Amino acid sequence: MQSKALLSALLLCASCAACFRNETTHFEMSVPDMTRDADVARIRSAVSDMLEKRTITAFEADPAARRIVCSFNNRELGECNLLLAVARAGYDANDWKALPSDKAAREKAIPR
């Protein structure tokens, strides 16, 4: 009887531990064309919905280093969602390339 109680307690502990899951992912993007504050503002605008919904919990852009570091809820977003938003804003990010039309729109909005 005592072994049954011990086994039940162990199974309960194991099932509780299995339910715990880290839901926050920290992600870094290299954005070679992000060199000015205007570029940061355009990218921030592209991810603004995700920031408002708090699926992105932290967003820091460093134009001098040409990188973005962010944290997001991985149950609602994936890295590809962030890369796509940056590419749609007209910027290459990591291995994702912006479409030429997106780059042209960016150049029109933020002339160099």
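Further up the page is the structure itself.
Before going into details, it helps to say that this report is about the structure given with it. Position numbers for residues start from 1 in each chain and track the written sequence from start to end. For a predicted model such as this one, the threshold for reporting local features is a pLDDT of at least 70, and the threshold for listing and counting side-chain atom pairs is 80 or more; totals across whole chains, interfaces and linings nevertheless cover every residue. Working from all heavy atoms in the structure, the side-chain values ignore hydrogens and water.

Here's the deal with the environment of Thr-57
Counting from the N terminus, the helices are the DSSP runs of H or I reaching at least four residues and the strands are the DSSP runs of E reaching at least two. Structurally, Thr-57 is set in strand β2 (residues 56-62). Thr-57 sits 32 residues away from Thr-25 along the chain, and the two C-alpha atoms are 9.7 Å apart.

Some thoughts on the pattern of salt bridges
Between side chains of opposite charge, a pair can form when the charged atoms approach closely. Here, a salt bridge means any Lys or Arg side-chain nitrogen found within 4 Å of an Asp or Glu carboxyl oxygen. Within this structure, the stated rule accounts for six salt bridges. Arg-75 is the salt-bridge partner of Glu-23, the closest N and O atoms lying 3.0 Å from each other. Highlighted residues: Glu-23 in the loop between α1 (2-19) and β1 (24-30) and Arg-75 in the loop between β3 (67-73) and α4 (79-88), separated in sequence by 52 residues. We classify Arg-75 as exposed; its relative accessible area is 56%. Between Arg-106 and Glu-107 there is a salt bridge whose closest N-O contact spans 2.8 Å. Judged by relative accessible area, Arg-106 falls into the buried class, the value being 5%. Salt bridges sharing common partners tie together Asp-33, Arg-106 and Glu-107. Exposure classes here rest on a 1.4 Å probe applied to the protein chains alone. A residue is buried below 20% of its type maximum, exposed above 50%, and partly exposed in between.

Quick notes on the sheet that holds β2
Overall, antiparallel pairing links the three strands, which are arranged β1-β3-β2 in an open sheet. Each edge of the open sheet is held by one strand with a lone partner, namely β1 and β2. Averaged over all pairs of adjacent strands, the angle between their axes in this sheet comes to 10 degrees, without regard to strand direction. We call two strands paired when DSSP finds no fewer than two bridges between them. One ladder, built from seven bridges, connects β1 with β3; its direction is antiparallel. From the neighbouring strand, Thr-25 faces β3, where its bridge partner is Phe-72. Sheet strands in contact with α4 are β1, β2 and β3, and its direction is about 35 degrees off that of β1. Lines fitted to C-alpha atoms define the axes, with helix axes restricted to the stretch in contact, and inter-axis angles between N-to-C directions lie between 0 and 180 degrees. Contacts are residue-level and defined by heavy atoms, with any inter-residue pair within 4.5 Å sufficient.

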